[in-house]
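Residues per chain, in single letters:
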Amino acid sequence: MRTVNFSSDHYKDAVFPSPFHSRQKQHNQLKEWTRWADYLSVPAYWCADMEYFSGRNACGVFDITPMVKHLVTGPDALPYLNRLMTRDVSKIKPGRVGYSVWCNEAGRVIDDGTIFHLREGVYRICSQEHQIDWFMTNMLGFDVEITEDTHDVAGLAVQGPTSCAILKDMGLEGIENLTPFGLTYFDFEGTELMVSRTGFTGDLGYELFIDPDYAEVLWDRLFAAGELRGIKAMGSEALDLLRIEAGFILAGVDFLPAMEAVRPTHTRSPFELGLGWLVSFDKGVFNGRQALLEEKEKGSRYNLVKLDIDGNKPAKDSFVYVKGGKKIAGTVTSAMWSPSAKASIALASLEAPLGQPGEEFEVEIYYQRELKWSRVMAPARVVKDVFWNPPRRRQTPPADF
Amino acid sequence: MTKKYDAIVIGAGHNGLTNGAYLAKAGLNTLMVEKNEHIGGATTSLPRYKDDWIYSNCSYVCSLLRPEVYRSLNLAKYGLQVVPYGGAVTIAENGDYIGSYVDPDKARREVARHSHRDADATARFDRDIMRQCRFIRQFLLRTPPDPTSFKPRDLLEMMYMGKEALKLGEDLIYDTMRFYTMSISDFLDEYFENPLVKASHSGSGIIGSALGVMSPGTAYILLHHAMGDVDGSMGAWGFARGGMGAISKAMYDCFTDYGGETLTGNGVDQIIVKNGRAVGVALENGDEHYADVIVSNMTLPRTFLECMDPKDLDPGFLKKVKNFKIRGSSGKINIALDGVPKFTALPENSELARGDMHLIDSTERLERAYDDWKDGIWSQDPYIDMLIPSLTDPTMTPPGKHFMSLFVQYVPPRIKGKDWTDQQVQQFADTVINQIEEYAPGFKDLILHMEVRTPRELENEVGLTEGNIFQGELTLDQLLFNRPIPGYAQYRGPVKGMYMCGSSTAPGGGVMSAPGANAAREILGDLNKTNTVPEGWLDD
């Protein structure tokens, strides 16, 4: 059921239950709720660390309904998206999904998100931030239709090594043949269920999209199928741990979305986020192309790097120093102790040209033990590969756990 | 007369009190002279109905008051408490409305209810406003540089401004030029598609100004209303607990504690100039008081055209003063209510009623209200900024009763070129009350008492020339180093020993205290006294 209220009495509630709310409630032992855009979201159902391990060891289920979703259709959908996005969208064939960023004319990242090529010429764009004004501003000259359908689609991320087997047990025949970044459709209880092999955890995992009216039955059948395979509801705290290990950046955390930036110099270009691979200069004009070409020539201001930090203390909100501890090289944007990599890891924004693979820094970490605060300067080095990148993420068909 | 003071401040409005407090804090023997029996100027809470009913007679909400002044003058210790109020609502004639909620998601959904796209555009709009405000705010407690001067301080200040502008990116410089020159109506058209959404943002562009929403320069006036804050929440507005008079009272108590003296009930008849130097003031009752420094918190025209001998001044200077744009455009109606009015459009007990309420549909309707002003009559379909502070502040009225503040535009200083008659004042009030009655049937029956102020009353009682609430239009030709007039932006008057500290000076009007503080810093510098005026807090 569509749960968000846009009628004149919407003001009675600041936030709305997700279509999965009744089921989330059953699992939410901690009775804590947080807000994700228009919806109630669960930070942790019973223990964030244990939920994290569900995601890495068995299967964690996370409600992604609040994610902003747009439908782009019309004869010019592809050229339009190629104008909007930095990457070459023509390479995302029907039935495929691609990660992308989009920039303003200064080449600064407005948001990142995923492009689902649902059917020939029909695209869904998922993003963190509301984009309809910007997307429509860019329609000029293109025969396209754009609608935001965030509230008309319920979504679940089903992530972890047993996710494929669970979906198979739920009756999604042939799901094991879906390759990473592929999407497919199933008949489900008389409606259409869209499943993509995507996620925000860097592991084997799927995202399920369905009419909100079928949200509860989807949840029920999923958890019934997964009962023997370790399925657990997972909150946003666990997801955050999973995504840092996978090296995925988060809008508003690892970069400032350009549309919100009161201080434009605080924004970042794709190159400055390590996303140069998403910029395709040979596809013709796109937003930010000129600025990004100039940047490529003149050099970027920042490098977003992955840091492997000595010791066992998470480097939350830390400053990163050039070795010697005198000159600030940058700041940590996300950090954690990684249970899977068994290392203190971080994403950090460093002043270019600092931040080349292998380069060593010192990270200033404040930590407390029983209310006594200490400070340590921990040696750290820039690593090239993500901290967690298991072969099972790509294996098709996945192992049948 | 007998005692000689170090400084005399003319006019105990909030800027005069601020100025006096910093001078007295620096050890100057300071005398405040005030024409009214009460202090506060346009920042007053005078009982007009019954003793337990407090009005905010002129200014009615607080946001611009510099937090640095609030803190350094210990205004909290003197009892000042500013309580933020949430939201605003714009009610259309067809019964629809658009509310501005404190909660960001509620706020977004409310706009989306009218236009999905505008809901998204609001984020961009707010960001651009915020960018400009951040830029302006850092200059509020700085004396504007003189761009024609080669003095090191002016050159350094110009360089500082340039550097700060560049820091914010080239877009900001382009945008700044646009903000200062565009109309609020054109500006809103660049962001929004829905007329009611636009209308809800447009009032801030004209409040206090004799310009219409389609007049160039009104985009800046919106910034002027957005650059304040309540406890760091930029753009937020609040009520001074106990009415706006609580602000001037706290300042007065501070001034008095620092040893300042105050004479009320006698206005200045003449600023005494001897040998090209201001040396004292002659009051209406014939008393004369002398001081090394004379500071005027009066409007520019009142100071130089009414309280100085033209023979003491340069004719070129006087001509500029005469040309200063200070046009009355607004009226104020304060009402004691027997209960809360019920607006047909609003849900029962809507939180939106605690904020600014407006009865408009479109920028076009607002522009027509301005057309009446040009015709020399008050708007027949006026713009009303309507608040019920007593819904937030329990100290203003007995329980269940309410104080309603109506700021009304447009109201000309004269009717078709002739002075207002008492009958016209009443007709003006009727126009406003009838307007509200249409949206809130039964409203009239709730009225227990009404204080009506047209520009005539504002000028006669408060001393604001033509009743202009900002002591002069906030247009680019009269802003920055051109405020109040070119060559006199650094608070010094045309004769030695004479200074200006009112809203006629930079950075302009509103209960901000920046002109008063900046003038004090200049005076103390000239006297080689220790500066007591704080530096502005930087946002970064």
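Residues numbered from 1 in each chain as written. Chains lettered and ligands numbered in written order. Predicted model: local features only at pLDDT ≥ 70, side-chain atom pairs only at ≥ 80, totals over all residues. Heavy atoms only, no water.

Trainee: An account of the sheet that holds strand 5 (residues 97–103) of chain A is needed here, citing residue identities and associated values.
Mentor: Residues and elements named next belong to chain A. Pairing within the open sheet is antiparallel, and its five strands lie in the order 5-6-7-4-8. One side of each edge strand has no neighbouring strand; the edge strands of this open sheet are strand 5 and strand 8 (145–148). Pairwise comparison of adjacent strand axes, ignoring direction, gives a mean angle of 25° for this sheet. Taken together, the five bridges between strand 4 (residues 68–73) and strand 7 (residues 122–127) define a ladder with antiparallel strand orientation. Residue pairing for strand 7: leucine 71 is matched across the bridge by arginine 124. (Pairing = 2+ DSSP bridges. Helix = DSSP H or I, 4+ residues; strand = E, 2+ residues; numbered from the N terminus. Axes fitted to C-alpha atoms, helices over the stretch in contact; angles between N-to-C directions.)

Trainee: Account for the interface of chain B and chain A, with residues named and values stated.
Mentor: Contacts between chain B and chain A engage 24 residues on the former and 30 residues on the latter. Across the chain B to chain A interface the summed buried area is about 2400 Å²; carbon plus sulfur atoms make up 50%. Of all residues in chain B, Arg109, Arg117 and Asp120 of chain B bury the most surface against chain A, accounting for 28% of the area lost on that side. Applying the counting criterion to the chain B and chain A interface returns six salt bridges. As a salt-bridge pair, aspartate 133 of chain A and arginine 117 of chain B come within 2.9 Å of each other at their nearest N and O atoms. At the surface where chain B touches chain A, the tally comes to 20 residue pairs in polar contact (both at pLDDT 80 or more). Where the side of chain B that touches chain A is concerned, the elements lending two or more residues are helix 3 (104–114) and helix 4 (116–137) of chain B. Considering every element that reaches the side of chain B that touches chain A, the biggest residue donor is helix 4 of chain B, with 10 residues. Each residue belonging to the side of chain B that touches chain A can be placed in one class, and the counts come to eight nonpolar, one polar and 15 charged. (Contact = heavy atoms within 4.5 Å. Buried area = accessible area lost by both parts, 1.4 Å probe. Salt bridge = Lys/Arg side-chain N within 4 Å of Asp/Glu carboxyl O. Polar contact = N/O pair within 3.5 Å; in protein donor to acceptor, adjacent residues only side chain to side chain. Nonpolar A, V, L, I, M, F, W, Y, C, P; charged D, E, K, R; others polar.)

Trainee: Requested: an account of the packing of aromatic side chains, with residues and values cited.
Mentor: By convention here, two paired aromatic rings are described through the distance between centres and the angle between planes. By the definition in use, this model includes 33 aromatic pairs over all chains. With 6.4 Å between their ring centres and 75° between their planes, tryptophan 378 of chain B and phenylalanine 428 of chain B make a pair best called edge-to-face. Pair noted here: tryptophan 378 of chain B is in the loop between helix 13 (363–374) and strand 15 (383–387) and phenylalanine 428 of chain B is in helix 14 (residues 422–439), with a separation of 50 residues, a long-range link. For tryptophan 378 of chain B, a relative accessible area of 8% gives the class buried. Residue classification places phenylalanine 428 of chain B among the buried positions, given a relative accessible area of 1%. Of the aromatic side chains, those joined through ring pairs into one cluster are Phe125, Phe179, Phe187, Tyr191 and Phe192 of chain B. Above the plane of the ring of tyrosine 185 of chain A lies arginine 119 of chain A, whose end atom (NZ or CZ) is 4.3 Å from the centre. Geometry around tyrosine 160 of chain B places arginine 142 of chain B over its ring, the cationic atom sitting 3.8 Å from the centre. (Phe/Tyr/Trp six-rings, centres within 6.5 Å; stacked < 30°, edge-to-face > 60°. Buried < 20%, exposed > 50% of the residue type's maximum accessible area, 1.4 Å probe, protein only. Lys NZ or Arg CZ within 6 Å of the ring centre and 35° of its normal.)

Trainee: Explain the packing of helix 4 of chain B against helix 6 (residues 170–181) of chain B residue by residue, including any values.
Mentor: When two helices pack together, their arrangement is captured by the angle between the axes and the distance separating the axes. Residue and element names in this part refer to chain B. Orientation of helix 4 relative to helix 6, taken along the N-to-C sense of each, is 95°, at an axis distance of 11 Å. Classified by the angle their axes make, helix 4 and helix 6 are roughly perpendicular. For the pair helix 4 and helix 6, the contacting residues are Asp128, Ile129, Arg131, Gln132, Phe135 and Ile136 in the first and Leu172, Asp175, Thr176, Phe179 and Tyr180 in the second. Here the contact of helix 4 with helix 6 is built from residues that sort into six nonpolar, two polar and three charged. (Parallel < 35°, antiparallel > 145°, perpendicular 65-115°, else oblique.)

Trainee: I'd like to hear about the nonpolar core, residue by residue, with values.
Mentor: Residue and element names in this part refer to chain B. In this structure, Leu23, Leu80, Ile129, Phe187, Tyr220 and Ile247 are the most contacted members of the largest nonpolar core, which totals 102 residues. There are two domains that each give this core at least three residues, and those are domain 1 (4–44 + 59–81 + 242–325 + 471–526) and domain 2 (84–236 + 326–465). Not counting residues up to four positions away in its chain, the partners in contact with phenylalanine 187 are Phe125, Ile129, Phe179, Met182 and Ala219. (Core = buried A, V, L, I, M, F, W, Y, C linked by side-chain atoms within 4.5 Å. Domains from an automatic or database assignment.)

Trainee: Tell me about the sheet that holds strand 18 (residues 360–369) of chain A, and name the residues and values.
Mentor: Residues and elements named next belong to chain A. Taken together, the six strands give a closed barrel; going around it, the order is 14-17-16-15-18-19, and neighbouring strands pair in antiparallel fashion. Across this sheet, the average inter-strand angle for adjacent strands is 40°, counted without regard to direction. Strand direction decides the pairing type here: strand 15 (residues 319–322) and strand 18, joined by three bridges, are antiparallel. Paired with valine 320 across the strands is valine 363, a residue of strand 18. The sheet contacts of helix 7 (residues 236–245) involve strand 16 (328–338) and strand 17 (343–351), and relative to strand 16 the element is tilted by about 120°.

Trainee: Break down the domain arrangement of chain B for me, citing the residues and quoting the values.
Mentor: Residues and elements named next belong to chain B. We note that the domain assignment places domain 1 (4–44 + 59–81 + 242–325 + 471–526) and domain 2 (84–236 + 326–465) within chain B. A C-alpha centroid distance of 26 Å is found between domain 1 and domain 2. Across the contact, 43 residues belong to domain 1 and 43 residues belong to domain 2. Taken together, both faces of the contact between domain 1 and domain 2 bury some 3500 Å²; the carbon and sulfur share is 58%. Of all residues in domain 1, the largest losses of buried area upon contact with domain 2 belong to Tyr60, Glu473 and Gln490, amounting jointly to 20% of the total for that side. There are two salt bridges connecting domain 1 and domain 2. For the salt bridge of arginine 327 with glutamate 473, the shortest nitrogen-to-oxygen distance reads 3.3 Å. One can count 21 residue pairs in polar contact (both at pLDDT 80 or more) joining domain 1 with domain 2. Contributions of two or more residues to the side of domain 1 that touches domain 2 are made by helix 2 (67–72), helix 11 (300–306) and helix 17 (514–526).

Trainee: Run through the environment of glycine 121 of chain A, naming residues and quoting values.
Mentor: Residue and element names in this part refer to chain A. Relative to the elements of secondary structure, glycine 121 occurs in the loop between strand 6 (109–119) and strand 7. By relative accessible area, glycine 121 is classed as partly exposed at 23%. Sequence spacing of glycine 121 and alanine 106 is 15 residues, and the spatial spacing of their C-alpha atoms is 28 Å. In contact with glycine 121, not counting residues within four places along its chain, are Val72, Thr73, Gly74 and Ala77.

Trainee: Give me the lowdown on the domain arrangement of chain A, citing residues and values where you can.
Mentor: The domain boundaries assigned to chain A delineate domain 1 (10–65 + 153–234) and domain 2 (301–387). Placing the centre of domain 1 of chain A and that of domain 2 of chain A at their C-alpha centroids yields a distance of 33 Å.

Trainee: Got a sec to walk through the state of the cysteines? Specific residues and values, please.
Mentor: All names here are of chain B. Summed over the entire model, instances satisfying the criterion amount to zero disulfides over all chains. Cysteine cysteine 58 is unpaired, with the sulfur of cysteine 62 as its nearest cysteine sulfur at 15 Å. With relative accessibility at 9%, the residue cysteine 58 sits in the buried group. No disulfide involves cysteine 254; its sulfur sits 15 Å from the nearest other cysteine sulfur, which is in cysteine 501. (Disulfide = S-S within 2.5 Å.)

Trainee: Account for the side chain of threonine 431 of chain B, naming residues and giving values.
Mentor: Residues and elements named next belong to chain B. Along the polypeptide, threonine 431 turns up in helix 14. Classification of threonine 431 as buried rests on a relative accessible area of 14%. Among the polar contacts made by the side chain of threonine 431, one reaches the side chain of tryptophan 378 at a distance of 2.9 Å.

Trainee: Talk me through the environment of leucine 337 of chain B; I want residue IDs and the actual numbers.
Mentor: All names here are of chain B. Assignment of secondary structure puts leucine 337 in strand 13 (residues 330–337). Leucine 337 sits in the buried class, given a relative accessible area of 0%. Note: C-alpha distance between leucine 337 and tryptophan 537 (200 residues apart in sequence) is 41 Å. Other than its neighbours up to four places away in sequence, leucine 337 contacts Trp53, Lys401, His402, Met404, Phe443, Leu446, Ile447 and Leu448.

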